[in-house]
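Residue strings, one per chain:
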Amino acid sequence: MKSKKTIITIFLSNLIILSVFGCNTTKSTSKSNETNEELNKIRMEQIVQEVEEEESKNNPIQTTGNDTIKKYGVDSLKTIMNYSLYIEYFIQDNYKDAYKYWKYLYSNAPKFNKGVYINGIKMIKDFIKKSKDDDALKNKWIDSLFMIYDQRITYFNEKGFVIGKKGEDLFILDPSRFEEAYKLLEESINLEKDNSSSVTPYYFMYTTTIMLKHKKIDESVLVQNFVTVTTIIDNNIAKGEKVSRWRKINDNVVQLTSPYLEFEVLEPIFTKKFNDNKDNLSDITNMISLLDSKRYTENNLYMMLSERAYELEPSPKAAYSLGNAHYGKGNYSKAIFYYEKAVNAMDDSNIDKAKYYMSLAESQKKAGSLSAARASARKSANLNPNNGTPFIFIGDLYASSSSSCGKSDFEKQAVYWIAVDQYFIARSKGNEDAAKRISKYSQHFPTKEESFYQEPPIKDGANYSIGCWINATTKARFNE
């Protein structure tokens, strides 16, 4: 262990840096339901760790005017010495020795550095973890934790973000205080909206479900909270920032709330809400979005909401919803009509356009317009080049045509060549379904013996033209 003199010398030589930045150092009912709950827990632990690590990086001092006393306390040299000692122990994960020096800063120089609060939270969470079965000690540390959050808000603001973290920790550390945690998380969501930390919406919905179980709220509140949270998630995905994380949050929220959002629950709530105010486009759009997320589109309620949304504002999104409604009812020609309205009204920069084209392709396939369906899928692929789904779709179109494209068994089996070509493209783009299809349909390739009896014989690797509506060229490949 280094001497205090050495530590102070090191600190003073880096005084400017240390007085500006916080510490950067971080370390690196059924079996199905239980599995899903465990997956949610693992995902959330990973995401919480990511968020905490991000926040611990480079947190500059935020001072106002000549607020020197709050920053350095009445004895600036003593503050600097305590900071030096605390940070040296902290980076060694020696929180026990770091804490007594950290506490001086917290009590006597409350605006010295935001990193002090971030690191303080980390230390006290470690103390809580080590409290084990000592409930009195654990509760003492929990109270200290929340005092740090409150003081951070006082001196560094960021109220919405910080009370969200406070609510998360309160619920995780003491689930019996779920109602208090719920109110903190609700306040955070209302303040931050789309700027919410990705963790907060999940725990807001988690506490919402607990509130419903204990009859502290009714089902309509859970539904409204779900709409609020999924809107935040969708808006952040649309921004294109941390998309993977937000998608994981979305998966967790949907899994968490699924038991409470059956159609039988939503239908009376949404019907009453609609009948009470048929001109509230925002509410109608939110209801449609929730039904979309649950794939509840094959019902009269969805049709009614979609038609009214389109009447109020014939936007691409409203046209798309109405297309979904008709698709769900099996009215494929009408679905095509509205999907085309949606894509034709959208700019190519709109990230939803690729999704809309795939819905159009599905309707065209159902209507028997296979060439048009392929063309729509290709447009989707062009708009979103990293997505393998359009190629899976085209491959499936080809594979399903094998029995009708060709006169001989050989010609029909050769269709699988071009189907597998599409699956290889999909696999190169990370589609998880592609490999299974490649394995499945490769088994239907013609044999070398069958190729020998063609006129002229077909050689392995030779170009081969597929006729019918497909009208494309592929490479010959054979099973033994």
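Further up the page is the structure itself.
Figured I'd write up the structure that's included with this text. Computed from a predicted structure; not experimentally measured.

## Considerations on the overall build of the protein chain
- Within the protein chain, the regular secondary structure consists of 24 helices and two strands.
- Counting every atom, the protein chain has about 24,800 Å² of accessible surface; 48% of that belongs to carbon and sulfur.

## Concerning the pattern of salt bridges
- Within this structure, the stated rule accounts for 19 salt bridges.
- Salt-bridge contacts for E187 lead to K159; the nearest nitrogen and oxygen are separated by 3.4 Å. You can see E187 sitting in helix α10 (residues 178-192) and its partner K159 sitting in helix α9 (residues 159-173), a full 28 residues away along the chain.
- A salt bridge links D421 to R477, with the shortest nitrogen-to-oxygen separation between them at 3.0 Å. Highlighted residues: D421 in helix α22 (residues 409-428) and R477 in the segment after β2 (472-475), separated in sequence by 56 residues.
- For D421, a relative accessible area of 22% puts it in the partly exposed group.
- Here the salt bridges share partners, and the residues they tie into one network are E55, K114, R152 and E158.

## A short note on the nonpolar core
- Ranked by internal contacts, the top residues of the largest apolar core, which has 102 residues, are Y86, F270 and L291.
- Sequence-distant contacts of F270, defined by excluding residues within four places in its chain, comprise V223, M287, L290, L291 and L301.
- Y423, F445, Y464 and I470 belong to the second largest nonpolar core, which has 34 residues in total.

## Overview of helix α15 (residues 281-293)
- Look at α15: 18 Å from first C-alpha to last across 13 residues, which is about the 18 Å you get at 1.5 Å a residue.
- Listed as buried for α15 are I284, M287, I288, L290 and L291. On an axial view of α15, the arc spanned by its buried residues comes to 160°, and they lie on one face.
- Its side-chain oxygen 3.3 Å from the backbone nitrogen of S282, N280 forms the N-cap of α15.

## Re helix α18 (residues 332-344)
- If you check α18, its first and last C-alpha atoms are 18 Å apart, about what 13 residues at 1.5 Å a residue would give, namely 18 Å.
- Those residues of α18 hidden inside the fold are in contact with α16 (300-312), α17 (316-328) and α19 (352-366).

## Some words on the side chain of K294
- Checked against the element boundaries, K294 lands in the loop between α15 and α16.
- Of the side chains with opposite charge, E262 lies nearest to the buried K294, which makes no salt bridge, at 5.7 Å.
- The contact partners of K294, leaving out residues within four places of it in the chain, are S258 and L261.

## Notes on the environment of F178
- Relative to the assigned elements, F178 resides in helix α10.
- Distance in space between the C-alpha atoms of F178 and T207 is 6.1 Å, their sequence separation being 29 residues.
- If we skip the residues at most four places from it in the chain, F178 touches F171, T207, I210, M211, H214 and K216.

## What about the packing of helix α12 (residues 219-239) against helix α13 (residues 243-257)?
- Across the interface, α12 lies against α13 with an axial gap of 9 Å and an inter-helix angle of 160°. Taken together, the axis directions place α12 and α13 in an arrangement best described as roughly antiparallel. Here α12 and α13 pass one another in a crossing that is left-handed. On α13, the residues that touch F226, V229, T230, I232, I233, N236 and I237 of α12 are V243, W246, R247, I249, N250, V253, V254 and T257.
- In terms of residue class, the contact of α12 with α13 is built from ten nonpolar, four polar and one charged.

## Notes on the environment of G164
- With respect to the helices, strands and loops of the structure, G164 is situated in helix α9.
- Not counting chain neighbours up to four residues away, the residues in contact with G164 comprise L185, S188 and T200.

## Examining the state of the cysteines
- Evaluation of the coordinates by the stated rule reveals one disulfide.
- Here C405 pairs with C468 through a disulfide, and the sulfurs are 2.2 Å apart. Residues C405 and C468 are joined by a disulfide whose S-S torsion is about -65°; by sign, that bridge is left-handed. Of the two residues, C405 is situated in the loop between α21 (389-400) and α22 and C468 in the loop between β1 (463-466) and β2; the sequence distance between them amounts to 63 residues.

## Quick word on the packing of α16 against α17
- For the pair α16 and α17, the least separation of the axes is 8 Å and the interaxial angle reads 150°. It follows from the interaxial angle that α16 and α17 lie roughly antiparallel. Both α16 and α17 take part in a crossing whose hand is left-handed. Facing α16, whose interface residues are Y302, M303, S306, E307, A309 and Y310, α17 presents A318, A319, S321, L322, N324, A325 and H326.

## Topic: the packing of aromatic side chains
- All chains considered together, the criterion is met by 31 aromatic pairs.
- Between the aromatic rings of Y416 and Y441, the centroid separation amounts to 5.5 Å while the plane-to-plane angle is 15°, which identifies the pairing as stacked. Pair noted here: Y416 is in helix α22 and Y441 is in helix α23 (residues 434-442), with a separation of 25 residues, a long-range link.
- Clustering of aromatic rings is evident, with ring pairs tying together Y99, W102, Y106, Y117, F127, W141 and F156.
- Above the ring of W141, the side-chain terminus of K140 is found at 5.1 Å from the ring centroid.

Thresholds, definitions, all that
Residues numbered from 1 in each chain as written. Predicted model: local features only at pLDDT ≥ 70, side-chain atom pairs only at ≥ 80, totals over all residues. Heavy atoms only, no water. Helix = DSSP H or I, 4+ residues; strand = E, 2+ residues; numbered from the N terminus. Areas by Shrake-Rupley, 256 points an atom, 1.4 Å probe, with all protein chains shown as cover. Salt bridge = Lys/Arg side-chain N within 4 Å of Asp/Glu carboxyl O. Buried < 20%, exposed > 50% of the residue type's maximum accessible area, 1.4 Å probe, protein only. Core = buried A, V, L, I, M, F, W, Y, C linked by side-chain atoms within 4.5 Å. Contact = heavy atoms within 4.5 Å. Expected span 1.5 Å × (residues − 1). Arc of directions from axis to C-beta. Polar contact = N/O pair within 3.5 Å; in protein donor to acceptor, adjacent residues only side chain to side chain. Lys, Arg positive; Asp, Glu negative; His and termini not counted. Axes fitted to C-alpha atoms, helices over the stretch in contact; angles between N-to-C directions. Parallel < 35°, antiparallel > 145°, perpendicular 65-115°, else oblique. Left-handed = near helix turned anticlockwise from the far one by under 90°. Nonpolar A, V, L, I, M, F, W, Y, C, P; charged D, E, K, R; others polar. Disulfide = S-S within 2.5 Å. Phe/Tyr/Trp six-rings, centres within 6.5 Å; stacked < 30°, edge-to-face > 60°. Lys NZ or Arg CZ within 6 Å of the ring centre and 35° of its normal.

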